[in-house]
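# Understanding the architecture of this molecule
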Amino acid sequence: MLNSEESEIISFAKGVAIILVLYGHSLQYGNGTVFFSEGLYWENPVMKTIYSFHMPLFIMLSGYLSFFSISKRGYRAAIYKRLRIFIPICTTWAFILWFIDFLRGRTGTLLSLICYFLTDFWFLWAVIYATIFVCLVEVTSQKFGLYGTILCYLLFIVLALFTPNLFWSDAYKFIIPYFMVGYYGAKNKLHIPRHFPIAIFLFLCWFILLIFYDYDAYIYTTGISLLQKDNIPYQLLVNLYRWCIGFVGCFSVLYLIVNVYKFVSKRSLPFLSILSRTIRYMGNNSIAFYLLSTYMYVYIIPPLTNDFHLNYITTAIETVLVTASCLLLWKLLSYFPALSKIVVGK
């Protein structure tokens, strides 16, 4: 089990991660029509930095925590818990989006409903598939030893490279390895690199890799699969690069987060204490902020910021306002527990 300090650090790290997700979405959707419609955000250096590691960090922390959940509940119960919480959420939001289409004059079809169900909150599905896969690896390893483990990973590689990108499956393929590293890091009691020279080396590697981060490096643009790709060696290189920068970025940021948290926790300043508690609160409820903010960015922020131009301070203010709006919505939902469970899972 996690001790209190480890639990607080994980919550703090998840809080930082969700703040970066919100800031990244504010950057993308909240800096004017031109910036969004012409895809200028793809080449933005802040966007590149955030997107090089933020979802891998989220899923790695999920994998880390999943070890303790699976150890406590067992494989079947852990998978069932994921399905019990996430499937109602995906179903609810699919119908909400389907209804929004109807209100906007679009004819909703059964196929569009299924697509909303399977794709719009892809991170939840990624956690489900990753949980199933790690349980499969564990069971196979227990029955067949090392050969079973190797077989599972070979199967993953084949499926990742030679199956089509249906319902955002390439995104799942991309982040499952980070979940596995988090899970087995917890299982083997591995710690974030604590030595300063190692941290400097990681940051240096991350900086060098970021120099080469371009449009093709985003998982959303080139995917993972080799099917229907004109240049297979190039796609393999992109896949390798994307996984490498994700891991290096994750470990670099985790080193920074751990040391910032330790610095903040040792100070008795009220402001720092409140800030730390707020970030941990967001971390403990990161899924709720992720879910409630998504369509604020899709439907509300763009019209309100139509004439804006790129400004990082304005982006930060938008992030704070969206965060506050999510908190308010969630507080309202808390008066209706049954509704809250199918909307945000709590």
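A brief report on the enclosed structure follows. (Residues numbered from 1 in each chain as written. Predicted model: local features only at pLDDT ≥ 70, side-chain atom pairs only at ≥ 80, totals over all residues. Heavy atoms only, no water.)

## Remarks on the packing of helix α5 (residues 75-103) against helix α6 (residues 110-119)
Relative placement of two packed helices is described by the angle separating their axes and the distance separating the axes. Basically, it comes down to this: To get an axis, fit a line to the C-alpha atoms, keeping to the stretch in contact for a helix; angles then go from 0 to 180 degrees between the N-to-C directions. Strands are runs of DSSP state E lasting at least 2 residues, helices are runs of H or I lasting at least 4, and numbering of each runs from the N terminus. An angle counts as roughly parallel when it lies under 35 degrees, as roughly antiparallel when it exceeds 145, as roughly perpendicular when it falls between 65 and 115, and as oblique in every other case. Rotating anticlockwise by less than a right angle from the far helix to the near helix defines a left-handed crossing, while the corresponding clockwise rotation defines a right-handed one. Contact definition: two residues touch when any of their heavy atoms are within 4.5 Å. Each residue gets one of three labels, nonpolar for Ala, Val, Leu, Ile, Met, Phe, Trp, Tyr, Cys and Pro, charged for Asp, Glu, Lys and Arg, and polar for the others, Gly among them.
The contact between α5 and α6 brings their axes to 8 Å, and the two run at 135 degrees. Here α6 runs oblique to α5, going by the angle between their axes. As for the relative orientation of α5 and α6, their crossing is right-handed in sense. For the pair α5 and α6, contact is made by Ile-87, Cys-90, Thr-91, Ala-94, Phe-95, Leu-97, Trp-98 and Asp-101 and by Ser-112, Leu-113, Tyr-116 and Phe-117, respectively. For the contact of α5 with α6, a count of residues per class yields 9 nonpolar, 2 polar and 1 charged.

## Focus: α5
Which entries qualify depends on this criterion: Multiplying 1.5 Å by the helix residue count minus one yields the expected span of that helix. Relative accessibility under 20% of the residue-type maximum defines a buried residue, over 50% an exposed one, and the middle range a partly exposed one, all with a 1.4 Å probe and only protein chains included.
Compared with an ideal rise of 1.5 Å per residue, which puts 29 residues at 42 Å, α5 spans 42 Å between its outermost C-alpha atoms and is within 8% of the ideal. Taken as a whole, α5 has its buried residues at Ala-78, Ile-79, Phe-86, Ile-89, Cys-90, Thr-92, Trp-93, Ala-94, Leu-97 and Asp-101. In this fold, the buried residues of α5 make contact with α4 (54-73), α6, α7 (122-162), α13 (286-304) and α15 (337-344). Within two residues after α5, Gly-105 carries a phi angle of roughly 85 degrees, on the positive side.

## A short note on unusual backbone geometry
Even without being a glycine, Phe-167 presents a positive backbone phi close to 50 degrees. With respect to the helices, strands and loops of the structure, Phe-167 is situated in the loop between α7 and α8 (169-187). In this structure, Trp-168 takes a positive phi of about 65 degrees despite not being glycine. Among the secondary structure elements, Trp-168 is positioned in the loop between α7 and α8.

## Observations regarding the environment of Ile-96
The residue Ile-96 is located in helix α5 in this model. Residue classification places Ile-96 among the partly exposed positions, given a relative accessible area of 32%. Placed 17 residues apart in sequence, Ile-96 and Leu-113 show a C-alpha to C-alpha distance of 9.7 Å.

## Remarks on a nonpolar patch on the surface
Spelled out, the test is: Only residues whose relative accessible area exceeds 30% and that form no salt bridge are eligible for patches; like-charged ones are grouped when within 9 Å, while nonpolar side chains (Val, Leu, Ile, Met, Phe, Trp, Tyr) are grouped when within 5 Å. In this description, accessible areas are obtained by the Shrake-Rupley approach with a 1.4 Å probe, and a residue is regarded as covered only by the protein chains that are shown. For this document, the term salt bridge refers to a Lys or Arg side-chain nitrogen within 4 Å of an Asp or Glu carboxyl oxygen.
Residues Leu-328, Leu-329, Leu-332, Tyr-335, Phe-336, Leu-339 and Ile-342 make up a contiguous nonpolar surface patch of roughly 710 Å² in combined accessible area. At the level of secondary structure, the elements contributing two or more residues to the nonpolar patch comprise α14 (312-333) and α15. When residues of the nonpolar patch are assigned to their parent elements, the largest contribution, 3 residues, is made by α14. Relative to the helices and strands, Leu-329 resides in helix α14.

## Focus: the side chain of Ser-252
For Ser-252, the position within the fold is in helix α11 (residues 232-265). Excluding its chain neighbours within four sequence positions, the residues that come into contact with Ser-252 are Leu-202, Phe-203 and Trp-206.

## Notes on the pattern of salt bridges
Tallying each qualifying case throughout the model produces 3 salt bridges. Between Lys-48 and Glu-43 there is a salt bridge, and its shortest N-O distance comes to 3.2 Å. With a shortest N-O distance of 2.9 Å, Asp-170 and Lys-173 are connected by a salt bridge. A residue pair is termed a helical-turn pair when its members lie 3 or 4 positions apart in one helix, as Asp-170 and Lys-173 do in helix α8 at 3 residues. For Asp-170, a relative accessible area of 3% corresponds to the buried category.

## Details of the packing of aromatic side chains
Rules: For Phe, Tyr and Trp, rings pair up if their centres lie within 6.5 Å, where Trp contributes its six-membered ring, and each pair is then called stacked (planes under 30 degrees apart), edge-to-face (over 60) or tilted (otherwise).
Counted by the stated rule, this structure contains 40 aromatic pairs. Ring geometry for Phe-36 versus Tyr-41: centroids 5.9 Å apart, planes at 20 degrees, classification stacked. For Phe-36, a relative accessible area of 32% puts it in the partly exposed group. Judged by its relative accessible area of 8%, Tyr-41 is buried.

Don't take any of this as a statement about function, it's just geometry.
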